[in-house]
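Working through the structure, step by step
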Amino acid sequence: MTKTWQIYEKAPEVFFTSFPQYSKFTLQLLYNRELKDCKEIEEFFSADYERDFIDPFLFDQMEIAVSRLKQAILKKEKIGLWGDYDADGVTGVSIMYLALKKLIPKENIKVYIPDRNKEGHGLNQGGLKELADWGAKVIITIDCGLSNSEEIKLANDLGMEVIICDHHLDPEIDPPALAVLNPKAKKGSYPFRHLAGAGVVFKLVSALIKSFPQEILESAGLSNGYEKWFLDLVAIATVADYMPLKGENRTLVKYGLYVLSKTNKIGLKTLLLRAGLMPLFGREDIVTNLTTQDLSFSVIPRINAMGRLAHARTSFQLLVASLEEEAQDLAKTVESTNKKRQVIGNKLVEDLNIKIDPNTLFIFEQLAEGHYPGILSSLASRLVELYKKPVFVCARRDDVSICSVRSANYFNTVEVFNELKDFLVVYGGHQAAGGFTIKNDQIEKFRIELQRVLEDRLKNVEIKNILEVDLEIAFNEINLAMFAEMKKFEPFGVENVYPRFLIKNVEIIDLKFLGSSGKHIKFFLQSKNDSQKIFEALAFNISDNYKQLKINDIVDVIIELHLDKYNGQEKLSLKIVDFRASSAPKR
């Protein structure tokens, strides 16, 4: 689908004159991100942990949760941790496990992460009975539990009390848990709604630590502020679950990247090395060379790989490893599984591209038996990126199919599931992403009803492949000072995307295909308007449109600005996001 370039409107002149301390470039980026008053802008540029950290006891039922956990710790009761199998769930379980291990013997903590390919999302009877037989008195669910009312009732019947740490939308029926910690609760009083599941756990741990006397904390090795050592895992979860990087999340991720650069977790250090990341940090100004892009492209896929193809338990064991040799072995397993995931995912995308009808309202694909259900969510995300329309991908397993959905914000997945719930065994999710299990003999009926529902919901929605662009710039404006201003907007992510710029009338001086299969191109570009300087630019994983480009072609390009460092030298480079023919004439 051809991309529609959508350039943000220019900020009004009064906005520029209201903040003379900032350049017009910086102010336009702020305006594009809807940061328009003095307080918002100051807080955005000066993230401060002590100021921005919201009191965890503002969760309605935090007092109940902390009181019950303190009782369990002091009485040395057994505590079960039930986590989801993605990066958010695994990091959240790791935070809770590492904190509890300081306060009770690790033999009194049992972690249960379901097998994604066999058990699916959320709580299940088999796992609950296993925890009950082990002797658990309290269960903490992490990144799951809100949609498991029946299972929580079973847990209660088995003599276990449940504390839910989740961040999904409120279910129709309130689960019968002892305490529910959910920033999205409709009647909740926590002022920030966008914490990741691990972020909710971090709040619980922070409140729990705060509730103990100082002498107990010191004897347990939990000095004042120790919870900050968990911010590395919070940052990973927040980026992995596409949480908005504004408000409290921006501060948690900014400090989390700094903590990650000097993490005290052997497994994370090993994972970073495997990913080719060499963390640096500055003690005085709380800065690091690690970015959210490093998390998205290097760290998170490795953590997620185990849950997709094998068992997420391995990723959890890596994150909490205490021995170097153990961490190396686990990291090796994670690395090989991630490479396998990449091969499988690429092959599936290629195969599906051949058969998908681009004229359909939505994409609904059922994979043949034998495919890993765990690969579905990443596959659905890639198809949404390619086709810019809702995607439903299912994998058969015995008499049911496991399905993953990405709506690209065209509709609320949970609302659609609620409307079609009579067809579904279980379901859950967020606004733009979710999943469900359905009996195979119901799939065709479901597809027909889904067509009706989506036709109604999308009848006034124009589905476009929108490429948002911050502003038009010229080649002679690109310099290290501009890049330094742009870097102040880090960390980048949802609702604070990496800036993109339009440059018009650019001549291709030379081009070279790179990679074994020529999937990337290095361009040498020169402006027809304002500069004789030649810039290098890279385009990755090119489409067929790029292969038609020739030397001396004149194009308009959408670019991202990056900094390359080699042998102590810094050089700006351009990443081409998209291009189109320019109206300017050739020489």
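Below or above, wherever it landed, is the structure these notes cover. (Residues numbered from 1 in each chain as written. Predicted model: local features only at pLDDT ≥ 70, side-chain atom pairs only at ≥ 80, totals over all residues. Heavy atoms only, no water.)

1. Comments concerning the overall build of the protein chain
Counted only if it meets this: Secondary structure elements follow DSSP: runs of H or I no shorter than four residues count as helices, runs of E no shorter than two count as strands, and numbering proceeds from the N terminus. With residues, only the protein chains shown are counted as cover, and all accessible areas are computed by Shrake-Rupley using a 1.4 Å probe.
Scanning the protein chain from terminus to terminus reveals 21 helices and 20 strands. In terms of principal-axis extent, the alpha carbons of the protein chain reach across some 80 × 60 × 50 Å. With the model as given, the accessible surface of the protein chain reaches about 26,900 Å², and the carbon-plus-sulfur share is 49%.

2. Section: the pairing of strand β13 (residues 433–439)
We count it as follows: Throughout, exposure labels follow a simple rule: accessible area from a 1.4 Å probe, protein chains only, divided by the maximum for the residue type, with under 20% read as buried, over 50% as exposed, and the rest as partly exposed. DSSP-based pairing: two strands are paired if at least 2 bridges between them are found.
Here β13 lies mainly inside the structure; five of its seven residues are buried. One ladder, built from five bridges, connects strand β12 (residues 424–429) with β13; its direction is antiparallel. Across the sheet, the residue bridging to G428 is G435, located in β13. Remark: three residues form the turn of the hairpin made by β12 and β13, two consecutive strands paired antiparallel.

3. Considering the side chain of E227
Basically, it comes down to this: All tallies of charge rest on Lys and Arg as positive and Asp and Glu as negative; His and the ends of each chain are not included. Every case where a carboxyl oxygen of Asp or Glu lies within 4 Å of a side-chain nitrogen of Lys or Arg is listed as a salt bridge. Residues count as neighbours in contact if any of their non-hydrogen atoms are within 4.5 Å of one another.
Following the sequence through the fold, E227 ends up in the loop between α10 (214–219) and α11 (231–240). Despite its burial, E227 remains without a salt bridge, the nearest opposite charge being carried by K228 at 6.3 Å. Once you skip the residues sitting within four places of it in the chain, E227 turns out to touch Y49, F202, S206 and I209.

4. A word on the sheet that holds strand β10 (residues 391–397)
What counts here: Note on geometry: axes are lines fitted to C-alpha atoms, helical ones only across the stretch in contact, with angles between N-to-C directions running from 0 to 180 degrees.
As summarised here, the arrangement of the five strands in space is β9-β10-β11-β13-β12, forming an open sheet in which the pairing is mixed. Each edge of the sheet is formed by a strand with only one pairing partner; in this case those strands are β9 (363–367) and β12. For this sheet, the mean inter-axis angle between neighbouring strands, taken without regard to orientation, is 15 degrees. Pairing of β10 with strand β11 (residues 400–406), which is carried by seven bridges, proceeds in the antiparallel orientation. The residue of β11 that forms the bridge with R396 is S401.

5. Here we look at the state of the cysteines
The condition is simple: Here, a disulfide means two cysteine sulfur atoms that sit within 2.5 Å of each other.
Under the counting rule described, the total for this entry stands at one disulfide. Sulfur-sulfur distance for the disulfide between C394 and C403 comes to 2.2 Å. Between C394 and C403, the S-S dihedral sits near 110 degrees, and the bridge is therefore right-handed. You can call C403 buried: its relative accessible area is 3%.

6. Concerning the packing of aromatic side chains
Rule in force here: Stacked, tilted and edge-to-face are the three classes assigned to paired rings of Phe, Tyr and Trp, where Trp is represented by its six-membered ring and a pair needs centres within 6.5 Å; plane angles under 30 degrees give stacked, over 60 edge-to-face, the rest tilted. A ring has a charge above it when a Lys NZ or an Arg CZ is no more than 6 Å from the ring centre and no more than 35 degrees off the ring normal.
For the structure shown, the criterion picks out 27 aromatic pairs. Relative to F45, the ring of F44 has its centre 5.4 Å away and its plane inclined at 70 degrees; by these criteria the two rings are edge-to-face. A residue is classified by how much of its surface remains accessible, and F44, at 5% relative accessible area, is buried. With a centroid separation of 5.9 Å and an interplanar angle of 15 degrees, the aromatic rings of F364 and F392 are classed as stacked. Taken together, the positions of F364 in strand β9 and F392 in strand β10 put the pair 28 residues apart, joining distant regions of the chain. Following the ring pairs from residue to residue traces out a cluster consisting of F362, F364, F392, F411, F417, F423, Y427, F436 and F446. Sitting above the plane of the F44 ring, R250 keeps its charged end 3.6 Å from the centroid.

7. Points about helix α13 (residues 266–274)
Those residues of α13 not exposed but buried are G267, L268, T270, L271 and L272. In the core, the buried residues of α13 are packed alongside α11, α12 (248–261), α14 (292–309), α15 (313–319) and α16 (324–355). Directly after α13, the chain includes G276, whose backbone phi takes a positive value near 80 degrees.

8. Things to note about the sheet that holds strand β3 (residues 109–112)
The five strands lie next to each other as β3-β2-β4-β5-β6, forming an open sheet whose pairing is parallel. Across the chains shown, the open sheet's two edge strands, defined by having one partner strand only, are β3 and β6 (179–181). Geometrically, the sheet is characterised by an average inter-axis angle of 15 degrees between neighbouring strands, direction not taken into account. Note that strand β4 (residues 136–142) and strand β5 (residues 161–165) share five bridges and pair parallel. Within the sheet, the bridge partner assigned to I139 lies in β5 and is V162. Each of β2 (78–83), β4, β5 and β6 touches helix α5 (residues 62–74); the most contacted strand, β4, lies at about 135 degrees to it.

9. Topic: helix α20 (residues 480–487)
Selection rule: Directions from the helix axis toward the C-beta atoms define the arc.
Within α20 the residues assigned to the buried category are M482, F483 and M486. Across the axial projection of α20, the buried residues extend over an arc of 100 degrees, all falling on one side.

10. What to know about the packing of helix α9 (residues 197–211) against α11
To keep things clear, this is the line we draw: To sort the angles, those under 35 degrees are grouped as roughly parallel, those over 145 as roughly antiparallel, those from 65 to 115 as roughly perpendicular, and the leftovers as oblique.
Where α9 meets α11, the axes come as close as 7 Å, and the angle between the chain directions of the two elements is 150 degrees. It follows from the interaxial angle that α9 and α11 lie roughly antiparallel. Contacts from A198, G199 and F202 of α9 reach α11 at L231, V234 and A237.

11. So, the nonpolar core
Selection rule: The nonpolar core is taken to be a set of buried Ala, Val, Leu, Ile, Met, Phe, Trp, Tyr and Cys residues, with the residues joined through side-chain atoms within 4.5 Å.
Ranked by internal contacts, the top residues of the largest apolar core, which has 88 residues, are M96, I140 and L204. If sequence neighbours within four positions are ignored, I140 has contacts with L69, I79, G80, L81, W82, M96, I163, C165 and L204. Membership of the second largest hydrophobic core comes to 44 residues, among which are I41, F483, F501 and F535.

12. Topic: the pattern of salt bridges
Inspection of every chain in the model, using the stated rule, returns 27 salt bridges. E161 is the salt-bridge partner of R68, the closest N and O atoms lying 2.5 Å from each other. In this pair, R68 sits in helix α5 while E161 sits in strand β5, placing the two residues 93 residues apart along the sequence. E161 gets classed as partly exposed once you look at its relative accessible area, which sits at 31%. With a closest N to O distance of 3.2 Å, R457 and E415 form a salt bridge. Remark: E415 occurs in helix α18 (residues 413–419) and R457 occurs in helix α19 (residues 443–457); sequence separation between them is 42 residues. Linked through salt bridges whose partners overlap, the residues forming this network are R68, K75, E77 and E161.

13. Observations concerning unusual backbone geometry
Residue P491 is bonded to the preceding E490 through a cis peptide linkage, with omega at 0 degrees. Within the secondary structure layout, P491 lies in the loop between α20 and β16 (501–514). Notably, K76 is not glycine yet its phi reads approximately 55 degrees, a positive angle. By the element assignment, K76 lies in the loop between α5 and β2.

14. Remarks on the pairing of β10
For β10, the tally of buried residues reaches five of seven residues, placing the bulk of the element in the interior. Judged from the five bridges that link them, β9 and β10 form a sheet pairing that is parallel. Across the sheet, residue Q366 finds its bridge partner in β10, namely C394. In sequence, β10 turns back onto β11 through a hairpin of two residues, with D398 there showing a positive phi of about 60 degrees.

Purely geometric stuff here, so don't read any function into it on its own.
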